[in-house]
Amino acid sequence: MSFRTTTAVDYVEDVAPGRGALPPRAWYASSDAISHSLNGTWRFRLSPTADAEDDSFAEPGHEAAGWAEVTVPGHWVLQGHGSPAYTNHLYPFPVDPPHVPTGNPTGDHLRHFDLPAGWPAGGEAVVRFDGVESCARVWLNGTELGEFKGSRLPHEFAVGHLLKPAGNVLAVRVHQWSSGSYLEDQDQWWLPGIFRDVTLLHRPADSVRDFFVHASYDHVSGEGTLRVDSDVAGRVTVPELDIDVATGEPVTVAVEPWTAETPRLYDGVLATGGERVPLRVGFRTVALEDGLIKVNGTPVLFRGVNRHEWHPERGRALDPETMREDVLLMKRHNLNAVRTSHYPPHPAFLDLCDEYGLWVVDECDLETHGFVEQGWRDNPVDDDRWTPALLDRAARMVERDKNHPSVIIWSLGNEAGTGRGLTAMAEWIHGRDGARLVHYEGDIGCRDTDVYSRMYAFHDEVERIGRGLDGGTRKRRELPFILCEYGHAMGNGPGGLADYQRLFEAHDRLQGGFVWEWIDHGIKHPRLGFAYGGDFGEELHDGNFVCDGLVFPDRRPSPGLIEYKKVVEPVRIEGDGPAGTVRVTNAHDFADLSTLAFEWSYQVDGETVGTGPLSVPPLMPGESADVKLPEPPEDRRGRGETRWTVRAVLARDTGWAERGHEVAWAQLPVTERVLPTPGAALRPTVDAGLVRLGPAAFDARTGALRSIGGIDVTAPRLDVWRAPTDNDNGAPWQSDVRYGLLWRKLGLHRTQHRLDGVEAGDEALTVRTRVAPAASDLALRTVYRWTADGTRVRLTVSVTPEGDWKVPLPRLGIRFGLPSADRVTWFGGGPGEAYPDTGSASRVGRWHSRVDDLQTPYVRPQENGARADVRWAELGGLRVEGDPEFWFTARRWTSEQLDAADHLTDLIPGGTVWVNLDHGQMGIGSQSCGPGVLPRYRLRARPATFSFVFSETG
Ligand code: IPT
């Protein structure tokens, strides 16, 4: 005999999207229909399985005795009930669609409410859930409304007939796992809960239900055509344009178009008998023309980013301020586009994109990446039983977001393989909204899509695509190309962004891309600082792969964002310093330069000695102008290193930044630096076990430096090791060499320094060594030659590789220790860190910092903080001058300690400040999910000589 008893929860594993919800429609805030937020504190009970508790909790009068409380919107696992879990693409449960584990954390939520004052008696009402992960069953006042899946999509239920003036109870049972989980395998934390708003909306008689704003722009005539289709007839007014027409009726008038650079919105109203709905109309036309994505007749270049919703304490429950902060940060960093990876965002985010101006690729809540583990067998997108769920998701996205001018491309989802379900989605979307393009990266032949899209393609391939040499289907050959993901911003990096940008700007077909990704999804943790995968004891996890953003979890910009801002700056400033000429090019697609003011400044040895305005004509997009700089200010201190800095800043306050905010800049060197020249060489003397040479004292036996003047130092010696970055380590699936692993295998973190000789000669102390790891015949013969005049001591390091070095070096330079140092001043690249392929934003100047502030707080500690092109630096009473310029790094722990740390809280300052002065650094690349370091940024092991001059600062 066999029987099943759990039929009450069969809906959890049903592939159907749900039951009982109203058809999807536009998301809007009514001007006059009353609504009531049900956000706030809810009663909460967690059960281990979907069926552990019966549904009597939904009955009015249920006591909820002993229940906890949670905040809605929120995830219960971030509120002390269970734990978050992170996997990239692996399903954290056995793959047997549509079945989910018996252990299925289930959160029963209860909200008691009275109708607010002024709520009309009778009439219709709906309750709207903007996002619940992953499956919910809903009751109001004991009556079941239905159930739904589709976590980041809205669901509404009609409730007017059930509402009472007081004592209503909304009951929501949320299951962490459902058939929907198979469709939501995005690379992010698994975070169950009611994580977006819950709202009760009154629906007056004859109120608007759904409407579709069609607002196109004819760039030839300069006219816009507006037609608002509404399933309840009414009138559409746009006072500023004198528009007053019936719904469904088109009207054409002269308008200013909407673009991401010029986000012109017109306020309007859609009025039906029962309701007025505010409209924010942006006129723009998206088209595929001449093989290019054009808006208003002009091809666009995406300077984009992939944005997951993230807050370090609240997960994907974002408040309006955080959404706004994202938009402002993006605008301030010259970004112009967002892919809403990998689900429709909170709808308020799209309002902000309309208002501030960002192109949006709105992506559906769909990813089935885990099926790759079984060769995509049983993939739901290729199984007709799942197609209704896929179409439901497509419709819920398109219907919700269709009135946003910022949305110009619909994306079917991410990493879901291929299949008939995707084709069905694309067909439905094309049919419903012919005025936008359809994207899906997995459609490699572009059968269903309007743009050829790839992720992490290497530079050389992107170049071939740009030149049209990539082949592929005939349809694909005629389509424009975007990188929907590139520049993996995990840890230190991404490197190579400038090299991509050069390609994008050189080939029309390449319409830019979207860096992966916006923010590190670190979770604020009392002991670890920010937690990542594995920190909650997950059985399966992908570590810190979840921390790969351009901003840290607390939204502080990482150097990657500063670099990206510089790389994509929409104004190009080039020129000839000695000739005093600048060429300014407007690299915007739409905006002229009238919003910007230009200014010059002139630096001598990094110090600004003059500054003034620079008059640049209000160039149209694509135009350039040559501008003459003034006579350089007189340099009263004789010959020094000089350069112009030219900056483009906002001429006026904008909604996203204040007047004076820097948009673009360049430096034009004029005269070269004068290299340090030593005075007459002194002779080393030996005395009581010490060799003395000018201000320096050395151990006579080992030749190790002991002190310079009154400063004790831990002797400098050759250092080639850096704590591997995530990009050094690369991703397991990368077929190219992963240098981080190879370096460790070779033992570059444990080189031994053999002393071969100490010679105190006539005018130098020479120390010969051989630096090599155990078990290897690879070595670096290293000679330290010390010379000094009365006050300065010069170290010249000569390095000669021995053996067959096929591997580039992590770094090449010296490391020494200072007993104490806090404030640092340097003349060189700054203010932030830079590496060979991440240094675009490093500008030469005189910079000041504390040692602690030189550290870049990558969530998983790794090499960071180098300053490029440093001429000299002062810290701890010591001045170091480089010949040639060097990379400067200082920290209160060693590279070995940095390497051993898993979290920032593992880094405990010791008694020594460790200083690296590097002649070379290996580039960074993007191999944690993309190309490695391009050959020209690799640090080859080859003979090298470099010097540093040390003196006391006095
Ligand atoms: C790509 C995913 O689309 C994205 O969600 C994220 O996981 C990213 O990688 C890496 O951080 S998929 C790529 C690994 C093929």
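Definitions and cut-offs
Residues numbered from 1 in each chain as written. Predicted model: local features only at pLDDT ≥ 70, side-chain atom pairs only at ≥ 80, totals over all residues. Heavy atoms only, no water. Near = heavy atom within 4 Å. Polar contact = N/O pair within 3.5 Å; in protein donor to acceptor, adjacent residues only side chain to side chain. Areas by Shrake-Rupley, 256 points an atom, 1.4 Å probe, with all protein chains shown as cover. Pairing = 2+ DSSP bridges. Helix = DSSP H or I, 4+ residues; strand = E, 2+ residues; numbered from the N terminus. Axes fitted to C-alpha atoms, helices over the stretch in contact; angles between N-to-C directions. Parallel < 35°, antiparallel > 145°, perpendicular 65-115°, else oblique. Contact = heavy atoms within 4.5 Å. Nonpolar A, V, L, I, M, F, W, Y, C, P; charged D, E, K, R; others polar. Phe/Tyr/Trp six-rings, centres within 6.5 Å; stacked < 30°, edge-to-face > 60°. Buried < 20%, exposed > 50% of the residue type's maximum accessible area, 1.4 Å probe, protein only. Lys NZ or Arg CZ within 6 Å of the ring centre and 35° of its normal. Core = buried A, V, L, I, M, F, W, Y, C linked by side-chain atoms within 4.5 Å. Domains from an automatic or database assignment. Buried area = accessible area lost by both parts, 1.4 Å probe. Salt bridge = Lys/Arg side-chain N within 4 Å of Asp/Glu carboxyl O.

Draft legend 1. How the structure looks around the site of the ligand. Around the ligand lies a shell of 15 residues, among which Asp187, His342, Asn414, Glu485 and His488 are the nearest. With respect to the ligand, the side chain of His342 contributes an N or O atom lying 2.6 Å from an oxygen atom. Within the side chain of Glu485, an N or O atom sits 2.7 Å from an oxygen atom of the ligand. Protein contacts shield 90% of the accessible area of the ligand, which totals 380 Å² for the unbound molecule.

Draft legend 2. Just the sheet that holds strand 2 (residues 35–37), in detail. Strand order in the open sheet formed by 4 strands is 2-15-7-11, with antiparallel pairing between adjacent strands. With one partner strand each, in any of the chains shown, strand 2 and strand 11 (155–158) form the two edges of the open sheet. The mean angle between the axes of side-by-side strands here comes to 20°, regardless of whether they run parallel or antiparallel. Bridging between strand 7 (residues 124–129) and strand 15 (residues 198–203) involves 6 bridges; their strand directions are antiparallel. Counted as the bridge partner of Phe129 is Val198 from strand 15.

Draft legend 3. Region of interest: the packing of helix 5 (residues 459–466) against helix 7 (residues 497–506). For the pair helix 5 and helix 7, interaxial distance at closest approach is 10 Å and the crossing angle is 5°. The angle between helix 5 and helix 7 places the two elements in the roughly parallel class. From helix 5, His459, Val462 and Glu463 reach across to helix 7, where they touch Asp499, Tyr500, Leu503 and Phe504. Within the contact of helix 5 with helix 7, the residues separate by chemical class into 4 nonpolar, 1 polar and 2 charged.

Draft legend 4. Fine view of the packing of aromatic side chains. Across all of its chains, the model carries 38 aromatic pairs by this definition. Ring geometry for Tyr739 and Trp743: centres 6.4 Å apart, planes at 20°, overall stacked. Within this pair, Tyr739 and its partner Trp743 are both found in helix 10 (residues 739–746), separated by 4 residues, close to a single helical turn. Assigned by exposure class, Tyr739 and Trp743 land together as buried. Here the aromatic cluster, defined as three or more aromatic residues joined through ring pairs, consists of Tyr91, Phe93, Trp177, Tyr182, Trp190, Phe371 and Trp386. Positioned above the aromatic ring of Trp665 is the side chain of Lys566, whose terminal nitrogen or guanidinium carbon lies 4.3 Å from the ring centre.

Draft legend 5. Quick peek at the nonpolar core. Ranked by size, the top nonpolar core spans 150 residues in total, and within it Val127, Phe129, Leu170 and Phe598 carry the most contacts. Setting aside anything within four residues of it in sequence, one finds Leu170 in contact with Leu38, Trp42, His109, Leu110, Arg111, Phe113, Val127, Phe129, Val138, Trp139, Leu140 and Val198. Core analysis: the next-biggest nonpolar cluster, separate from the first, contains 60 residues, Leu780, Val807, Leu818 and Val851 among them.

Draft legend 6. Representation of the domain arrangement of the protein chain in the model. Taken domain by domain, the protein chain holds domain 1 (10–203), domain 2 (211–285), domain 3 (288–566), domain 4 (570–671) and domain 5 (688–952). Counting residues at the interface gives 9 residues for domain 4 and 9 residues for domain 5. Between domain 4 and domain 5, the buried area comes to about 790 Å², and carbon and sulfur atoms account for 44% of it. Summed over the shared surface of domain 4 and domain 5, the result is 3 salt bridges. Across the pair Glu662 and Arg843 runs a salt bridge, and its minimum N-O distance is 2.5 Å. Remark: the boundary between domain 4 and domain 5 carries 6 residue pairs in polar contact (both at pLDDT 80 or more). Put simply, the parts of the chain that give the side of domain 4 that touches domain 5 at least two residues each are strand 41 (642–650) and strand 42 (662–671). Here the side of domain 4 that touches domain 5 takes 3 residues from strand 42, the largest share from any one element. Here the side of domain 4 that touches domain 5 is composed, by residue class, of 1 nonpolar, 2 polar and 6 charged.

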